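# Fold and geometry: a report
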2 protein chains.
Amino acid sequence: MAEEVMLLDFWPSPFGMRVRIALREKGVDFDLREEDLSNKSPLLLEMNPVHKQIPVLVHSGKPVSESLVMVQYIDETWGGRSPLLPSDPYERARARFWADYVDKKVRLGRMVWLSTGEAQEAAKEEYIECLKVLEGELGDKAYFGGERFGYVDVSLIPFYSWFYSLEESANFSIAEECPKLVAWAERCMQRESVAKSLPDQYKVHNFLLELKKKLQAQ
Amino acid sequence: MAEEVMLLDFWPSPFGMRVRIALREKGVDFDLREEDLSNKSPLLLEMNPVHKQIPVLVHSGKPVSESLVMVQYIDETWGGRSPLLPSDPYERARARFWADYVDKKVRLGRMVWLSTGEAQEAAKEEYIECLKVLEGELGDKAYFGGERFGYVDVSLIPFYSWFYSLEESANFSIAEECPKLVAWAERCMQRESVAKSLPDQYKVHNFLLELKKKLQAQ
């Protein structure tokens, strides 16, 4: 088990995507184990007994969970190559602040595709407002941290794979609302680490349509 | 402004208490500015334009917000004295995981004092379950990280100042449910950094009673 790296994951999970991207940025080989969330594996329950959720990184038999904790662990463990967090403590605090903002806000996207009518309109407005805040922080920089792809980019870019489905569900265009943010996302997609880690947006859309049907039938 | 450290704060805030404790652990002098949350200062709105919330640490004119981000910033900036996070990346990931757990779960406490009847009973059960998970993680150790007071302790101990009020509101005893956790809290209270940063539990209770009246009148 010396340097074995395993990722317990589920393909449409933006949180799993974060970890895939971070591992690929570092050039770490890993064994990706797809979980069936309706029938979680004994390994998942053993490795994340508190939350019982994917993703879980298992490094030499030891588990790490919570995606942002995992990305920081990966950065600190395989630090030499492509550092994700800035070396300056103040810049590191800023990066952590924005990744935390992403964590707190982007889950609003769920309400955009799951709700209907007035609730959906309200969720859409709030979601767009958050994306605009993020676009404001990005400004004219290539990446959130400046010239180099880093921690905030890793935390946010996975949600790009859900954009198409949100736009289809709620009839709006994120590119019209936030052109710089979409240009940033397309820039990130040029990276092999990102392109290999994000699923096709149409596949995500079909998955979410099926999931919505199931949730609404319950 | 060279090394000026200012904390925009509000005394009953467990999140503010985290930052007070961390600064005091490091022996950093700071100017504590009490905010009136019904009439936020222009400085607060300028320093935390995204969330407009306390606490905010202003170090040499530069703001840091989100309490766990602040505690990590303090640890990295004044690192030499009383390190809060472990030096090993895996142990650091574990500490971040548990601080994140505290962040996600302890806000359940709000439902314990604010709700009534069946909703309150359900909130109480869930809250006790979370405390038991934390107690399980603590085990027989002196502190969450082992022998030394650290990051998880800083993230959790502020909520101890709310325990009395929760117990009074929902008629239960945390010491009966989680004796080791309460013994840990009393151990933490022996530290000057903690004792100076946590308000009196009866004062918190009176504050929460007043706040509840206001919220219920709305």
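Residues numbered from 1 in each chain as written. Chains lettered and ligands numbered in written order. Predicted model: local features only at pLDDT ≥ 70, side-chain atom pairs only at ≥ 80, totals over all residues. Heavy atoms only, no water.

Moving on, we get to the environment of Ser82(B). All names here are of chain B. If you trace the backbone, serine 82 turns up in the loop between helix 3 (67–77) and helix 4 (89–105). Sequence separation between serine 82 and proline 42 is 40 residues; the distance between their C-alpha atoms is 34 Å. Residue contacts for serine 82: discarding those within four places in its chain leaves Glu25, Lys26 and Asp75. (Helix = DSSP H or I, 4+ residues; strand = E, 2+ residues; numbered from the N terminus. Contact = heavy atoms within 4.5 Å.)

Turning to the UniProt feature "domain: GST N-terminal" (unreviewed entry) in chain A, a few remarks are in order. Under the UniProt annotation, the feature "domain: GST N-terminal" (unreviewed entry) is placed at residues 3–82 of chain A. Overall, residues 3–82 of chain A shows 36% helix and 21% strand. The separation of its end C-alpha atoms is 20 Å. (UniProt positions renumbered as here; feature names shortened; annotations may be inferred.)

On average, chain A scores 95 in pLDDT, and the residues at 70 or more come to 99%. In the predicted assembly, ipTM is 0.95 and pTM is 0.96. (pLDDT = per-residue confidence, 0-100.)

The UniProt record marks residues 88–215 of chain A with the feature "domain: GST C-terminal" (unreviewed entry), using the residue numbering of this structure. The distance separating the terminal C-alpha atoms of residues 88–215 of chain A is 45 Å; by composition the span is 76% helix and 0% strand.

Residues and elements named next belong to chain B. Spatially, 2-1-3-4 is the arrangement adopted by the four strands of the open sheet, whose pairing is mixed. Of all the strands in the sheet, the pair left with one neighbour each is strand 2 (31–34) and strand 4 (62–65). Across this sheet, the average inter-strand angle for adjacent strands is 20°, counted without regard to direction. Of the pairings in the sheet, the one linking strand 1 (residues 5–9) to strand 3 (residues 56–59) comprises four bridges and is antiparallel in character. (Pairing = 2+ DSSP bridges. Axes fitted to C-alpha atoms, helices over the stretch in contact; angles between N-to-C directions.)

Counting from both sides, the interface comprises 24 residues of chain B and, opposite them, 24 residues of chain A. Interface area for chain B against chain A, summed over the two sides, is near 2200 Å², with a carbon-plus-sulfur share of 65%. Linking chain B to chain A there are six salt bridges. With a shortest N-O distance of 2.8 Å, Arg92(A) and Glu76(B) are connected by a salt bridge. (Buried area = accessible area lost by both parts, 1.4 Å probe. Salt bridge = Lys/Arg side-chain N within 4 Å of Asp/Glu carboxyl O.)

Turning our attention to the relation of the copies chain B and chain A. The operation relating the two chain copies consists of a rotation about an axis and a shift along that axis. With an axial shift of 0.0 Å and an RMSD of 0.0 Å, the rotation relating chain B to chain A amounts to 180°. Viewed as a symmetry operation, the transformation between the two copies matches a two-fold axis. Of the interface residues in chain B, 100% have counterparts in chain A that sit at the interface too, so the contact is made through matching surfaces. (Least-squares fit on C-alpha atoms with pLDDT ≥ 70 in both.)

Further remarks concern the sheet that holds strand 3 (residues 56–59) of chain A. Residues and elements named next belong to chain A. Taking strand neighbours across the sheet as the criterion, the four strands line up as 2-1-3-4 in an open arrangement whose pairing is mixed. The two strands at the open ends of the sheet, each matched to only one other strand, are strand 2 (31–34) and strand 4 (62–65). Within the sheet, the average angular offset between the axes of one strand and its neighbour, ignoring direction, is 20°. For strand 1 (residues 5–9) and strand 2, the ladder comprises four bridges, and the chain directions are parallel. Directly across from leucine 8, in strand 2, lies its bridge partner arginine 33. The sheet strands contacting helix 1 (residues 14–25) are strand 1, strand 2 and strand 3, and the helix crosses strand 1 at an angle near 155°.

Turning our attention to the side chain of Glu137(B). Residue and element names in this part refer to chain B. Relative to the helices and strands, glutamate 137 is located in helix 6 (residues 117–138). Owing to a relative accessible area of 16%, glutamate 137 belongs among the buried residues under this scheme. For glutamate 137, the contacting residues outside a window of four places in its chain are Arg94, Trp98 and Phe144. (Buried < 20%, exposed > 50% of the residue type's maximum accessible area, 1.4 Å probe, protein only.)

What the rule picks out here adds up to 28 salt bridges over all chains. Here Lys26(B) makes a salt bridge to Asp75(B), at a shortest N to O gap of 2.7 Å. Taken as a pair, Lys26(B) in the loop between helix 1 (14–25) and strand 2 and Asp75(B) in helix 3 lie far apart in primary sequence, 49 residues in all. Of the residues examined, Lys26(B) reaches a relative accessible area of 4% and is grouped as buried. Via salt bridges that share partners, Glu66(A), Asp100(B) and Lys104(B) belong to a single interconnected network.

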